Amino acid sequence: MRPSSQVIDRVTRTAPLGVCFRDEVSGAVVGEGLAVSAYPQGQPSSRRSSVVNRSGIHVLMDLPGLRELEFGAGDAAWWQGLTGRKRYTVEVRDEQHRFLPLSFQVDLPHQGLFQLDQRPFVPLFSAPARQVESTLAVVRAELWDTQAKAPAAWALVQATLPGGRQVRGVADEEGRVALFFQYPAPVDSPTGPPPPSGSPPLLEQQWTLRLRAFHAHRAPGPELPDLRDTLRQLDSAPARLWPNLDGPQELLEPTLLYGRELVVRTEGEPRSRLRLTGSPL
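Calculation notes
Residues numbered from 1 in each chain as written. Predicted model: local features only at pLDDT ≥ 70, side-chain atom pairs only at ≥ 80, totals over all residues. Heavy atoms only, no water. Helix = DSSP H or I, 4+ residues; strand = E, 2+ residues; numbered from the N terminus. Buried < 20%, exposed > 50% of the residue type's maximum accessible area, 1.4 Å probe, protein only. Polar contact = N/O pair within 3.5 Å; in protein donor to acceptor, adjacent residues only side chain to side chain. Contact = heavy atoms within 4.5 Å. Pairing = 2+ DSSP bridges. 1 Å grid on protein atoms, 1.4 Å probe; cavity = no way out; pocket = protein on both sides within 12 Å on 5 of 7 lines; lining within 4 Å. Points joined across faces, edges and corners; volume = space filled by probe spheres on them. Nonpolar A, V, L, I, M, F, W, Y, C, P; charged D, E, K, R; others polar. Patch = residues over 30% accessible without salt bridge, like charges linked within 9 Å, V, L, I, M, F, W, Y side chains within 5 Å. Areas by Shrake-Rupley, 256 points an atom, 1.4 Å probe, with all protein chains shown as cover. Salt bridge = Lys/Arg side-chain N within 4 Å of Asp/Glu carboxyl O. Lys, Arg positive; Asp, Glu negative; His and termini not counted. Charge placed at Lys NZ, Arg CZ, Asp CG, Glu CD.

A. The arrangement of the side chain of T266 in detail. Tracing the backbone shows T266 in the loop between β20 (262–263) and β21 (274–277). Under the relative-accessibility criterion, T266 is labelled buried at 0%. Within the structure, T266 has its side chain in polar contact with the backbone oxygen of W242 (distance 2.7 Å). Leaving out residues up to four positions away in the same chain, T266 has contacts with W242, P243, N244, L245, R273, L274 and R275.

B. Spatial organisation of the sheet that holds strand β8 (residues 102–108). Pairing in this open sheet of four strands is antiparallel, and the strands run β4-β3-β7-β8 from one edge to the other. A strand with exactly one partner marks an edge of an open sheet, and here the two such strands are β4 (48–49) and β8. Here strand β3 (residues 34–40) runs beside strand β7 (residues 86–94); their pairing, made up of seven bridges, is antiparallel. Paired with P40 across the bridge in β7 is Y88.

C. Main features of empty space enclosed by the protein. Per the stated rule, a full pass over the model turns up two cavities of 30 Å³ or more. By volume, the largest cavity amounts to about 80 Å³. Surrounding the largest cavity, L100, P101, L102, F125, W154, V170, P225, L227 and T230 form its lining. Looking at the lining of the largest cavity residue by residue, the class counts come to eight nonpolar, one polar and no charged. In this structure, the second largest cavity spans a volume of roughly 60 Å³. Looking at the second largest cavity, it is lined by 13 residues, and the ones nearest its centre are A141, V157, V177, L211 and L274. Looking at the lining of the second largest cavity, the elements that each hand over two or more residues are β10 (136–145), β14 (176–182) and β16 (210–214). Across the lining of the second largest cavity, the residue classes tally to eleven nonpolar, no polar and two charged.

D. Broad picture of a negative patch on the surface. Side chains of E142, E173, E174 and E223 sit close together on the surface and give a patch of like negative charge. Its place among the elements puts E174 in the loop between β13 (166–170) and β14.

E. Quick peek at unusual backbone geometry. With an omega dihedral of 0°, the bond running from L108 to P109 counts as a cis peptide bond. Here P109 is to be found in the loop between β8 and β9 (122–124). The phi dihedral of Q118 is positive, around 65°, even though this residue is not glycine. Within the secondary structure, Q118 sits in the loop between β8 and β9. With a relative accessible area of 74%, Q118 lands in the exposed category. Although it is not a glycine, K149 sits at a positive phi angle of roughly 55°. Structurally, K149 is set in the loop between β10 and β11 (150–151).

This is the structure in structure tokens:
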């Protein structure tokens, strides 16, 4: 007979924050390659880096000011009675240069995965130089703020595809933006073989997009944008885009050709930029 074991003490540990990052293009969880850190608001020298678990979730622990709370029970009663949460800044940079950097504020400890707009993940937006599969469509632009006479840093661009599907991207600090997405369904695509008579071959397919931009000018633009501020631009009126030098309009309708990058620019602009006139945040 085996001797009975006796539990002398039981230690529990609760992580103050867990974050799931998701690729805006593919929808895949992104764990490896991200440098994620957090620090008490206004104290960047006290930052701590995350660790990534097997599910690709970034977990932040050993944060200054939360050490004792991490060894709380972590059960429902503990969370219900918890008071005195503290504000922390989370910063995210991609060491593989696939995604734009971002930051956000959160009160810790946070129960469960961090939620942004009631979704249990944080979206990652593509950097302009990101390398993706050649089967994806891409729309590029270099956005120029006509009011600030500077790049439209961290502007948000939204494209509506035929059928109503929307894709979005964010400009970098130089106003450069790239939207990557699956091509729309071929024009006159049948529900099954054989193909309809007169339907253009795939290499000759083209689609009309509806392109809008949202930009709340910040002077100066932040080095590391707050993700909530970036997404909040969607709540304001669209910026006016300049198809040519005659004047701006809220909506552009460029044509996407299969197998070719679509570069949207202001006709007559000597530096191949797309001019926009934004609105206050």
